[in-house]
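Next come the chains, spelled out residue by residue.
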Amino acid sequence: MSKTIIEKIITDHTSDNVAPGKIIWLDIDVRSARDFGGANVVKNLEEHYPKESKIADPEKTFFTFDCVVPANNLGYAENQQIVRMFARKYLQRKNLYDVDAGIGSHVMIEKGIAIPNSTVVGTDSHLNILGAIGAFGQGMGDQDIAFTFKTGKTWFEVPESTKITITGKPARNSYAKDITLGVLEQIGSKGALGKSIEFYGITVESLNLSGRITLASMVTEMGGIIGLIVPNDEVINYCRERSNKEFKVHNADSDCEYSEKFTFDFSELEPRIALHPSPSNVKPVSEVAGVKIDSVVIASCTNGRYEDFEVVAKILKGKKVHRDVMMKIVPATQEVYGQLLENGLIKIFYESGAIISNPGCGGCASGQIGMTGEGEIQISTGNRNFAGKQGKGHTYLASPATAAASAIKGEIFVPEIV
Amino acid sequence: MTKPTVIKGKIIIIKDNEGSGIDDIDTDMIFHNKHLHITKIEEMGKYAFGNLPDWEKFPEIASKGDILVVGKNFGAGSSRQQAVDCFTSLGISLIIGESFGAIYKRNAINSGMLLMTAPNIMNESIKTGDSLKVNLKTGEIINLITNELLATAEPLSNVQIDIYQAGNLFAYGSRIIKS
């Protein structure tokens, strides 16, 4: 029978019959928890399995701290310490990515822990970002994750699939984030509810790994389970080099069944921005140009890669951030931080007046680099702008280019071509 | 000990005054948030449907072993486990619904509560007090009054049977790792 990509990945990880709507036992290659939820995972394991083994396979089990790093409140500090002590007891040191490491999902790609066709679970609702390399990542609750630590498997209802094809060359000042917001503008916050999205078309295929991560990272905001992009040579070589492993790369069968198909022509798509209070409240940047802003954040699992900061550096080089704007820069991982340092980008950011933070989730988990006050308007390169998520202010979501150009102007500004 | 895979029981059908099934019963109607501080399962039963109009007396009419029959999108809303556990508390053996909220379904399966999906069960000629015989593995629902096949539900998956037999997800975890 012909299969979609998600059905093929699941088939490789179960002995049950796989079809949309079926509940199956799924073998999990990578089991993880972060500082958010991690302490509850530990609590569940200790409560339910007090006198027996708690970890099916320590090699495949990880903790990744990224939400509030280092902890800036007692609750997080205590939870991180609970997890740290548990990890020291049951795992090898290398399987604990502590507060210095950066965003867990990105670390897993960089370290070759997640590879194409692998199954990965954790307590991060954006773990489905791994669809960017053709892996199945999924965020789950602390009980489900504790069970997975213990047994190496979880159960899952096989989702139906939605096919999204994107063609056309966007305007030269538009980037992967603008394409992503463009899709959200078209399908809305429930457009892929409960579905596995497969992305196709020349516009998607020509995205590099960083751009693919941006697109896959906002499938959660479309209501989707995961957004899968078939790995190209760049992604395959990267993952092979990082993991030293061989892996299957699945394509969907040509006659497989999709519950829905969308085709979008994004020729000359102009830069997009998502206004308060939802990621699908998308407008062309030009429509809101001129709105005064107070802060800018370049960060997150959506836009915290080196390539994102490269664009920002090109725009900021030799210029100053507007005196009424706080500009915050948070690399996704320690590796990205190192690249920024080595290639002189930190110097450019420093000279422009930006604040540079250690790696982590940045503003999304409301804490690492401060929050917004009532009345504050913030442009973020992140993926969520729900009321109260990052403070009492309003957050707008945009590309690194739009965010950087606006930081200089002190108001929302359509980026020039760089 | 193996638990039965054929369930017999008296049914309670959740309908409104006009005799139609009630869709979209959310977790606040099932177990209101003012009782969320309760953590002992034994104490949860008396609040079941406490916020569902005309069904506030449900805990008094429900008996151990009863089968609950509900409409579409049952258990929509929050992730509270109490909305499942309050029925466990009353001894409800099985919930047959036209469809379930996704989180509710996950919570029910993890706690070993039996759920079955039968898309048109509300249209069948059954009433509260009738008795049914339900085969979990084939999905066959037989009306014990007439001895006729009433409907065929989606059979339970291996996952549901495994967790149900063990008691709950964590008990299942112990069982498979030891064996």
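Residues numbered from 1 in each chain as written. Chains lettered and ligands numbered in written order. Predicted model: local features only at pLDDT ≥ 70, side-chain atom pairs only at ≥ 80, totals over all residues.

Our focus in this paragraph is the overall build of chain A. Of the regular secondary structure elements, chain A holds 14 helices and 18 strands. Expected size for 418 residues packed as a compact globule is a radius of gyration near 22 Å; at 21 Å, chain A falls within 12% of this value. The C-alpha extent of chain A, read off along each of the three principal axes, is 60 × 50 × 40 Å. Within chain A, buried positions represent 56% of all 418 residues. Contacts spanning at least 24 positions in sequence make up 77% of the contacts within chain A whose residues lie at least 6 apart. (Helix = DSSP H or I, 4+ residues; strand = E, 2+ residues; numbered from the N terminus. Rg over C-alpha atoms; globule rule 2.2 N^0.38 Å. Buried ≥ 20, exposed ≤ 12 C-beta atoms within 10 Å, placed from the backbone. Contact = placed C-beta atoms within 7 Å.)

Strands in a sheet are paired, the pairing made by backbone hydrogen bonds, and the direction either parallel or antiparallel. Residue and element names in this part refer to chain A. Spatially, 4 strands are ordered S10-S9-S8-S11 in an open sheet, and the strand pairing comes out parallel. Both outer strands of the open sheet, strand S10 (226-229) and strand S11 (260-265), are each paired with one neighbouring strand and no more. With direction set aside, neighbouring strand axes in the sheet form an average angle of 20°. As judged from the 4 bridges shared by strand S9 (residues 196-200) and S10, these two strands associate in the parallel manner. Across the sheet, residue Glu 198 finds its bridge partner in S10, namely Leu 228. On top of the sheet, helix H6 (residues 176-187) reaches strand S8 (161-167) and S11; it is set at about 125° to S11, its chief contact. (Pairing = 2+ DSSP bridges. Axes fitted to C-alpha atoms, helices over the stretch in contact; angles between N-to-C directions.)

Let us look at the nonpolar core. Of all hydrophobic cores here, the largest spans 183 residues; its most connected members are Ala114(A), Val69(B) and Ile95(B). With residues up to four places along the chain from it excluded, the contact list for Val69(B) reads Ile11(B), Ile12(B), Ile13(B), Ile14(B), Ile96(B) and Ile121(B). (Core = buried A, V, L, I, M, F, W, Y, C linked by C-beta atoms within 7 Å.)

Here we come to the pairing of strand S6 (residues 140-143) of chain B. Residue and element names in this part refer to chain B. In this sheet, S6 lies alongside strand S5 (residues 131-135) in antiparallel orientation, the contact comprising 3 bridges. Paired with Leu 132 across the bridge in S6 is Asn 143. Between the antiparallel neighbours S5 and S6 lie 4 residues, among them Gly 139 with a positive phi of about 85°. Alignment of S6 against strand S7 (residues 148-152), held across 4 bridges, turns out to be antiparallel. Across the sheet, the residue bridging to Glu 140 is Thr 152, located in S7. Between S6 and S7, which follow one another and run antiparallel, lie 4 residues, and Asn 147 among them has a positive phi close to 60°.

What follows deals with unusual backbone geometry. Pro70(A) follows Val69(A) through a cis peptide bond whose omega is -15°. One can find Pro70(A) in the loop between strand S3 (61-64) and helix H3 (74-90). Cis geometry marks the peptide bond from His276(A) to Pro277(A), where omega comes out at 0°. Of note, Pro277(A) is situated in the loop between strand S12 (272-274) and strand S13 (282-284). A positive phi angle is found at Ser300(A), which is not glycine, with a value near 95°. Classification of Ser300(A) as buried rests on a count of 26 C-beta atoms within 10 Å. Even without being glycine, Asp24(B) reaches a positive phi, approximately 60°. Considering the arrangement of structural elements, one finds Asp24(B) in the loop between strand S1 (6-13) and helix H1 (27-30).

Residues and elements named next belong to chain A. Looking at where Ser 174 falls in the secondary structure, it is placed in the loop between S8 and H6. Separated by 94 residues in sequence, Ser 174 and Glu 268 place their C-alpha atoms 8.5 Å apart. Discounting residues that sit within four places of it in the chain, Ser 174 has contacts with Leu 269, Glu 270 and Pro 271.

Before going further, it helps to examine the sheet that holds strand S5 (residues 119-122) of chain A. Residue and element names in this part refer to chain A. Across the sheet, which stays open at both edges, the 5 strands sit in the order S4-S3-S2-S5-S6 with parallel pairing between neighbours. Strands at the two margins of the open sheet, each flanked by one partner only, are strand S4 (96-97) and strand S6 (136-139). Pairing analysis gives 2 bridges linking strand S2 (residues 30-34) to S5, with the strands arranged parallel. In the strand pairing of S5, Val 30 is matched with Val 120. Along the sheet face, helix H2 (residues 35-48) touches S2 and S3 and points at about 105° away from the line of S2.

It is worth spelling out the packing of H6(A) against helix H8 (residues 209-217) of chain A at this point. Residues and elements named next belong to chain A. The contact between H6 and H8 brings their axes to 9 Å, and the two run at 25°. When the axis of H6 is compared with that of H8, the two are roughly parallel. Where H6 crosses over H8, the handedness of that crossing is right-handed. In this structure, H6 contributes Ala 176, Lys 177, Ile 179 and Thr 180 to the contact, and H8 contributes Gly 211, Thr 214 and Leu 215. Of the residues belonging to the contact of H6 with H8, the class tally is 3 nonpolar, 3 polar and 1 charged. (Parallel < 35°, antiparallel > 145°, perpendicular 65-115°, else oblique. Left-handed = near helix turned anticlockwise from the far one by under 90°. Nonpolar A, V, L, I, M, F, W, Y, C, P; charged D, E, K, R; others polar.)

A separate point is the interface of chain B and chain A. On the side of chain A, 16 residues touch chain B, which itself brings 12 residues to the contact. For the side of chain B that touches chain A, the secondary-structure elements that each account for two or more residues are helix H5 (102-111), helix H6 (158-166) and helix H7 (169-178) of chain B. Along the lines of polarity and charge, the residues of the side of chain B that touches chain A split into 6 nonpolar, 6 polar and no charged.

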